[in-house]
Amino acid sequence: MPDVYILGIESSCDETAAAVVRSGEELISNVVASQIATHQPYGGVVPELASREHLRAIVPVVRQALAEAGHTYDSVDAIAVTRGPGLAGSLLVGISYAKALAFALDKPLIAVNHLEGHIHAVLLEERQKGNHELEFPVLALVVSGGHTHLYLAEQKKEGWTYRNIGHTRDDAAGEAFDKVAKLLGLGYPGGPAIDRLAPHGDPEAVKFPPAQIKHRDRRGRKDGRALEPDVSLDDQRPRFDFSYSGIKTAILRYVETHEMGAAVEARRKALASMPKPKVEDYLANCDKPTLDLVASFQRAMVEDLVEKTLAAARAYDVATLFVTGGVAANNELRQTFEQEGAEEGLPVYFPSLPLSTDNAAMIAAAAYPKFLAKEFAPMDFSAEAGLVLR
Ligand code: KG4
Ligand code: ZN
């Protein structure tokens, strides 16, 4: 099989990214333009600003990815782009540019699900390390700012298939990190700040009640069936759903009842005046009760994610576990998964830190099996903000 060079383009949220990947197994270039500085003053992603920033960045980012790979527009074999899920306006920028390139260059166009991309970030790096022998079934936890989803992933002759066996009923784990950081005046995005501060607090200081999932999942469906249509109704095996809005509310109450509001506001102002606060800057602005709260929050999140994922791994008797998406960059999450996975004899794989958060290498990697299967996208396909993975 000759080498296949795919140019990947990703613009689903607040990162404009392009990458060149060879045959789904070698990362040749990987360029990510972050919009953190644009959204920071608002404490979260502002969709209109995100689309505008993608428009500014898309052409130079793609050019840089090609140049760093030693490629030209003409020398790549296909163009892959994220179709969804994500912000519609942001997705459209990447999709329109990818279509224009594919049309002008007469190259195949491949549409990729962003969540499938996160799963293929792990596969790409394992192949790059020479590990071609992953054992199936694979369970993948995709844990990011928009998703906390468990998928059983299978490689069949006609390509990869995915079955959702659990998802968050409300906030995604990354969203909880971001909201709690905002509540504590730690700025945006919250995950990395909490990750760096947690080792300085006592994770046992504050106890949170475990998330209660009492109701059947009725989101998005009038008939009360599960949101993910790929879960067969006759499958009696349990689902493994998550819920993180309760812990966020618990932190809000804690801040109120412990009268931490004034300190939070002072911290928010102090950190907002610094372009890139270092860990010492955070520590200089956090008292012990705040550090303890941060550490306890992270511990509760990690315990819940690890416990449910490992319970799902046992229930479905999987041979391999992937943990991927922005929150997979979290140090305590990685250590706990590694330790508890090892205790159960379950191999756990993570992407490297640059490929944990949003990037286009994962899109180019996920596109490779579709290229082989000639699964090309028609020129009239559109962005799908709520695209389901199956
Ligand atoms: O995968 P990603 O880049 O974008 C989405 O698809 O959502 O994930 C971004 C999310 C944000 O919520 C961010 O706070 C979280 O990942 N995150 C982290 C860490 N780094 C990024 N959460 C916890 N610990 C981290 N080190
Ligand atoms: Zn993502």
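Residues numbered from 1 in each chain as written. Chains lettered and ligands numbered in written order. Predicted model: local features only at pLDDT ≥ 70, side-chain atom pairs only at ≥ 80, totals over all residues. Heavy atoms only, no water.

Selection rule: UniProt positions are given in the numbering used here, feature names are shortened, and annotations may be inferred rather than shown by experiment.
Looking at an unreviewed UniProt entry, one finds the protein named tRNA N6-adenosine threonylcarbamoyltransferase, with Candidatus Sulfotelmatobacter kueseliae as its source organism. According to the UniProt record, the Subcellular location (unreviewed entry) comment for the protein is "Cytoplasm".

## Focus on the coordination of the zinc ion (ligand 2)
Defined as follows: Here a donor is any nitrogen, oxygen or sulfur atom (N, O, S) within 2.8 Å of the metal, with 3.2 Å used for Na, K and Ca; water is not among the atoms considered, so some sites may look incomplete. Under the classification used here, a metal with four donors is tetrahedral if each angle lies between 85 and 135 degrees, square planar if opposite donors are over 155 degrees apart and the others between 65 and 115, a six-donor metal meeting that same test is octahedral, and anything else is irregular. Put simply, DSSP marks the helices as runs of H or I at least four residues long and the strands as runs of E at least two long, and each gets a number from the N terminus on. Using a 1.4 Å probe on the protein chains alone, a residue whose accessible area is under 20% of its type maximum counts as buried, one over 50% counts as exposed, and one in between counts as partly exposed.
Surrounding the zinc ion (ligand 2) are the protein donor atoms His114 (NE2), His118 (NE2) and Asp358 (OD), which sit 2.0 to 2.1 Å from the metal. For the zinc ion (ligand 2), the four donor atoms are set out with angles of 94 to 147° between them, so the coordination reads as irregular. For the zinc ion (ligand 2), the single-chain donor residues occur in sequence as H-x3-H-x239-D. A residue pair is termed a helical-turn pair when its members lie 3 or 4 positions apart in one helix, as His114 and His118 do in helix α4 (residues 114-128) at four residues. His118 shares its class with His114; the two are buried.

## Some details on the UniProt feature "binding site: Fe cation" (unreviewed entry) in the protein
So the rule is basically this: Here, two residues are considered to be in contact whenever any of their heavy atoms come within 4.5 Å of each other. What qualifies as a polar contact is a pair of N or O atoms within 3.5 Å, subject to a donor-acceptor requirement within protein and to the restriction that residues adjacent in sequence count only when both atoms come from side chains.
If you check UniProt for "binding site: Fe cation" (unreviewed entry), the listed places come out as His114, His118 and Asp358 in our numbering. Sequence-wise these annotated residues cover 245 residues; spatially they are packed, their C-alpha atoms never more than 8.8 Å apart. In contact with His114, not counting residues within four places along its chain, are Glu10, Ser12, Thr82, Gly84, Pro85, Asp358, Met362 and Ile363. By relative accessible area, which is 0% here, His118 ends up buried. Not counting residues up to four positions away in its chain, the partners in contact with His118 are Val142, Thr324, Gly325, Gly326, Ser356, Thr357, Asp358 and Met362. Among the polar contacts listed, one links the side chain of His118 to the side chain of His114, at a separation of 3.0 Å.

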